[in-house]
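# Coordinate analysis (summary)
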Amino acid sequence: MEEPAEIDVRSALAVLIRESRSALRRDWSRRFGILCCLLIAGFVIFGILDRSGAFLQKVERSYTVGLWQDGKKIGETAVTISGERSIWGRSYVGRFAIDAVEKTCRERMQAMIRWEKKSNCANITFAEPGFFGAQAGIEYFLYCDRKLNWFALSLEDGRIIASDQGWAQLQALRPYEYPVYVN
């Protein structure tokens, strides 16, 4: 009968280390695969929620604002805002009807507002079905907060529509744009 071969301590440790590394590698690859599947599922769920409008807030406002020219208030006009704003506050789409500007009050006229990062400076564009960037008689740049509680914009004829005199004066400084940070 043969005697069992002596087990060298070094070779035994090498075998144990090799086996533990192999098991660890299998465990990490399984965890990585699960993580990738969860990330893909998260992106799909986010896309579904985004398409369904889960990240939009309704905005319904109607108020009277001032009409300014050459730094003086020359009258008032009614403004009706009805649409949806993204919850991150980067955009608004809906009605932005100003009684002093007849084109904005048309039935199917839509306004799109996009805010600049971290400030209350924004760009407004009007569109009708078939006419993106419809000429509504309003300048492209405006100041407004992300909840649309106040705003100031210029008309092409030089008049300014603003919720108060301070915003009208700031809007009158156009073509200069000042970032406004309001809490």
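This text gives an overview of the structure that appears in the document. Counting starts from 1 at the beginning of each chain's written sequence and moves along it residue by residue. For a predicted model such as this one, the threshold for reporting local features is a pLDDT of at least 70, and the threshold for listing and counting side-chain atom pairs is 80 or more; totals across whole chains, interfaces and linings nevertheless cover every residue. The side-chain values count all of the structure's non-hydrogen atoms but skip hydrogen atoms and water molecules.

Okay, the overall build of the protein chain next. Secondary structure is summarised from DSSP: a helix means a run of H or I of at least four residues, a strand means a run of E of at least two, and numbering begins at the N terminus for each. A tally of regular secondary structure across the protein chain gives two helices and nine strands. Along the protein chain, from the amino end to the carboxyl end, the secondary structure elements read α-β-β-β-β-β-β-β-β-β-α. With C-alpha atoms as the basis for the radius of gyration, the globule rule is written as 2.2 Å multiplied by the number of residues raised to the power 0.38. The C-alpha atoms of the protein chain give a radius of gyration of 31 Å, which is well past the 16 Å a tight globule of 183 residues would have. Evaluated residue by residue, the protein chain yields a buried proportion of 33% over its 183 residues. Residue pairs at least 24 apart in sequence account for 38% of intrachain contacts in the protein chain once pairs closer than 6 positions are excluded. Only the protein chains shown count as cover for residues, and all accessible areas are computed by the Shrake-Rupley method using a 1.4 Å probe. Within the structure as shown, the protein chain displays about 12600 Å² of accessible surface, and the carbon and sulfur contribution to it stands at 57%. Counted as positive: Lys and Arg. Counted as negative: Asp and Glu. His and the chain ends are not counted at all. Charge positions come from single atoms, namely NZ of Lys, CZ of Arg, CG of Asp or CD of Glu. Distance between charge centres in the protein chain, computed from 25 positive and 22 negative side chains, equals 1 Å. For every residue, the accessible area (1.4 Å probe, protein chains only) is compared with the maximum for its type, and the residue is labelled buried under 20%, exposed over 50%, or partly exposed between those bounds. In what follows, a contact means two residues having at least one pair of non-hydrogen atoms within 4.5 Å.

Okay, the packing of aromatic side chains next. In this analysis, rings of Phe, Tyr and Trp, with Trp reduced to its six-membered ring, are considered paired at centre separations within 6.5 Å, and the interplanar angle assigns stacked below 30 degrees, edge-to-face beyond 60, and tilted for intermediate values. Tallying each qualifying case throughout the model produces six aromatic pairs. Taken together, a centroid distance of 3.8 Å and an interplanar angle of 10 degrees make the contact between Trp-150 and Trp-167 stacked. Within this pair, whereas Trp-150 is found in the loop between strand E7 (138–144) and strand E8 (151–155), its partner Trp-167 is found in helix H2 (residues 165–172), the two being separated by 17 residues in sequence. For the pair Trp-150 and Trp-167, a shared accessibility class is recorded, and that class is buried. Here the aromatic cluster, defined as three or more aromatic residues joined through ring pairs, consists of Phe-141, Tyr-143, Trp-150 and Trp-167.

Criterion for a salt bridge: a side-chain nitrogen of Lys or Arg within 4 Å of a carboxyl oxygen of Asp or Glu. A complete count under the given rule lists four salt bridges for this structure. With a closest N to O distance of 2.9 Å, Arg-159 and Asp-157 form a salt bridge. Exposure remark for Asp-157: the relative accessible area of 48% places this residue in the partly exposed category.

What follows is about the pairing of strand E1 (residues 56–69). The side chains of a regular strand alternate, first on one face of the sheet and then on the other. Bridge count between E1 and strand E2 (residues 72–86): 14 bridges; the pairing is antiparallel. From the neighbouring strand, Ser-62 faces E2, where its bridge partner is Thr-80. At least two bridges found by DSSP between two strands is the condition for calling them paired. Connecting E1 to the antiparallel partner E2 that follows it, the hairpin turn spans two residues, and Asp-70 within it adopts a positive phi of roughly 55 degrees. Looking at chain direction, E1 and strand E9 (residues 160–162) are connected through three bridges and run antiparallel.

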